[in-house]
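# Inside the fold
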Amino acid sequence: MLVVHEAFRRAYSRMPGLVLAVTPGDTARAAVVADHVQMIEEFLHLHHKGEDVLLWPKLAARATHDPLPALELSPPRPGWPTG
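We now turn to the structure provided with this report. None of these values were measured; they are calculated from a predicted model.

Here is what the cut-offs are and how they apply
- Residues numbered from 1 in each chain as written.
- Predicted model: local features only at pLDDT ≥ 70, side-chain atom pairs only at ≥ 80, totals over all residues.
- Heavy atoms only, no water.
- Helix = DSSP H or I, 4+ residues; strand = E, 2+ residues; numbered from the N terminus.
- Expected span 1.5 Å × (residues − 1).
- Bend = angle between axes of the 7 residues up to and from the residue.
- Buried < 20%, exposed > 50% of the residue type's maximum accessible area, 1.4 Å probe, protein only.
- Contact = heavy atoms within 4.5 Å.
- Polar contact = N/O pair within 3.5 Å; in protein donor to acceptor, adjacent residues only side chain to side chain.

This part covers helix H2 (residues 27–62). Given a rise of 1.5 Å per residue, 36 residues ought to cover 52 Å, and the 51 Å separating the end C-alpha atoms of H2 matches this to within 8%. At aspartate 52, H2 is deflected by roughly 40°, the largest bend along its length. Within the span of H2, buried status applies to Val33, Ile40, His47, Glu51, Trp56 and Ala60. Where the residues of H2 are buried, they touch helix H1 (2–20).

Next up on the list: the side chain of glutamate 51. By the element assignment, glutamate 51 lies in helix H2. One polar contact links glutamate 51 to histidine 5, side chain to side chain, over a distance of 3.3 Å.

So, on to the side chain of histidine 47. Here histidine 47 is to be found in helix H2. Reaching out from histidine 47, the side chain makes a polar contact with the side chain of histidine 5 at a distance of 3.0 Å. Histidine 47 has contacts with Val4, His5 and Phe8, leaving out every residue within four places of it along the chain.

Nothing here speaks to function; it is all geometry.
Below, the structure is given as structure tokens:
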């Protein structure tokens, strides 16, 4: 999982440079960059959906206490204990 998260961090950190590197008026390159950004967004959504279905229920089943306060900043996860 760490490899996937690092790949997302790297992809998102490169996005501003990809967008800024498009020459004004270069609609073909802008379309390529937009498609790339959209693909990463869709992949991230699928990744989180997979975590919600496969990972969080297993963690919730093992939980003996409420999640750490830092987790409250994250979106709610199905099946996780709530105070």
